[in-house]
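If you want the building blocks of each chain, they are given just below.
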Amino acid sequence: TQKTPLLELRDLQVAYGGIKAVQGINLHVNEGELVCLIGANGAGKSTTLRAITGLVPVAGGSIWYDGKQTTNTPSYQLVRKRLVMVPEGRGIFGQLTIEENLAMGAYVRNDHAQIKQDLERVFESFPRLAERRHQSAGTLSGGEQQMVAMGRAMLARPHLLLLDEPSMGLAPLMVEKVFEVVRNIAAEGVTILLIEQNARLALEHADRGYVMESGHISLEGPGKDLLHDPKVRAAYLGED
Ligand code: ATP
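Just so you know, these numbers come straight off a predicted model, no measurement behind them.

Turning our eyes to something else, we now look at the overall build of the protein chain. Broken down by element type, the protein chain carries ten helices and ten strands. Overall size of the protein chain, expressed as C-alpha extent along the three principal axes, is 45 × 40 × 40 Å. Looking at the 240 residues of the protein chain, the share that counts as buried comes to 51%. Sequence-distant contacts in the protein chain: of pairs separated by 6 or more residues, those separated by 24 or more amount to 68%. As displayed, the protein chain offers around 11400 Å² of accessible surface, 50% of which is attributable to carbon and sulfur atoms. Measuring between centres, the 25 positive side-chain charges of the protein chain sit 5 Å from its 28 negative side-chain charges.

Quick look at the sheet that holds strand β4 (residues 60–65) now. Taken in spatial order, the four strands line up as β2-β1-β4-β5 in an open sheet, and their pairing is antiparallel. Pairing within the sheet leaves two strands with one partner each, and these edge strands are β2 (19–29) and β5 (68–69). Bridge count for strand β1 (residues 7–16) against β2 is eight bridges, and the pairing is antiparallel. Paired with Glu8 across the strands is His28, a residue of β2. The sheet strands contacting helix α1 (residues 45–52) are β1, β2 and β4, and the helix crosses β1 at an angle near 110 degrees.

On to the nonpolar core. Core analysis: the largest hydrophobic core is formed by 50 residues, its most contacted members being Leu161 and Ile192. Element by element, the count of residues in this core is highest for helix α7 (residues 172–187), at eight residues.

It is worth spelling out the environment of Lys231 at this point. Relative to the helices and strands, Lys231 is located in helix α10 (residues 230–236). Given the relative accessible area of 56%, Lys231 is considered exposed. Expressed as a C-alpha distance, the spacing of Lys231 and Pro74, which sit 157 residues apart in the sequence, is 37 Å.

Considering only enclosed or pocket space, the largest pocket measures out at about 580 Å³ in volume. Around the largest pocket sit 24 residues that line it, and Arg121, Val122, Ser125, Phe126 and Val181 are the ones nearest its centre. Going through the elements one at a time, α4 (112–125), α5 (127–131), α6 (142–154) and α7 are the ones with two or more residues in the lining of the largest pocket. Looking at the lining of the largest pocket, the element that brings in the most residues is α7, giving six residues. Considered class by class, the residues forming the lining of the largest pocket number 13 nonpolar, three polar and eight charged.

What counts as what
Residues numbered from 1 in each chain as written. Predicted model: local features only at pLDDT ≥ 70, side-chain atom pairs only at ≥ 80, totals over all residues. Heavy atoms only, no water. Helix = DSSP H or I, 4+ residues; strand = E, 2+ residues; numbered from the N terminus. Buried < 20%, exposed > 50% of the residue type's maximum accessible area, 1.4 Å probe, protein only. Contact = heavy atoms within 4.5 Å. Areas by Shrake-Rupley, 256 points an atom, 1.4 Å probe, with all protein chains shown as cover. Lys, Arg positive; Asp, Glu negative; His and termini not counted. Charge placed at Lys NZ, Arg CZ, Asp CG, Glu CD. Pairing = 2+ DSSP bridges. Axes fitted to C-alpha atoms, helices over the stretch in contact; angles between N-to-C directions. Core = buried A, V, L, I, M, F, W, Y, C linked by side-chain atoms within 4.5 Å. 1 Å grid on protein atoms, 1.4 Å probe; cavity = no way out; pocket = protein on both sides within 12 Å on 5 of 7 lines; lining within 4 Å. Points joined across faces, edges and corners; volume = space filled by probe spheres on them. Nonpolar A, V, L, I, M, F, W, Y, C, P; charged D, E, K, R; others polar.

Here it is in structure tokens:
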């Protein structure tokens, strides 16, 4: 018997005016899993994450997190329940220092001694950020800003972490680094749902994956299986 998933989408539908961006998808993430959602531009991946975090209204179906229905729950309430998203574009405050950006992740907490410890742990994981902790975040490279965004999310002590295209716009070496960080976060016991355009890397790292096409889930399975699926290879890995 399977435990209740940490996150479950049941027949989820989202529309922007007349555009049905998500057309009834079923997806689940079990406690401790790293699951990826891949698909072409405009397939509805970001919209799905935005619906989970209460940033766009759900038009049909339901969302379940930690055993409770959370459909249309606003994101500030979800953060308190330890459901945290790192948005596409990272959402860094360029004028604030790296340390200030990181500390913002802990705004829902008041265990100050513990927050300080967590902050130091983030700096241990990201020595480049430690060296620059008092520098304004706007001066960082894209890859470093992604590290700040993930470090900030970790300061909210996430139970479920949603990552929207963490490798977007980064140089290949930096992309590898970002995936290493994602792996380390997963190894700490954080459950992760990851959206990626880099299908190969995402599937290599994920326990399971879903493929999204024009608002539907077209394929799902263990990451390694999808990596070897002929349809995935042709459409997303540039192979025939
Ligand atoms: P990308 O990788 O480009 O972000 P995606 O798979 O995340 O792609 P979505 O961003 O979820 O796809 O977009 C799904 C569909 O919804 C697209 O047709 C897109 O044009 C449309 N869409 C997204 N955001 C809005 C919006 N705010 N208003 C209207 N239509 C939108």
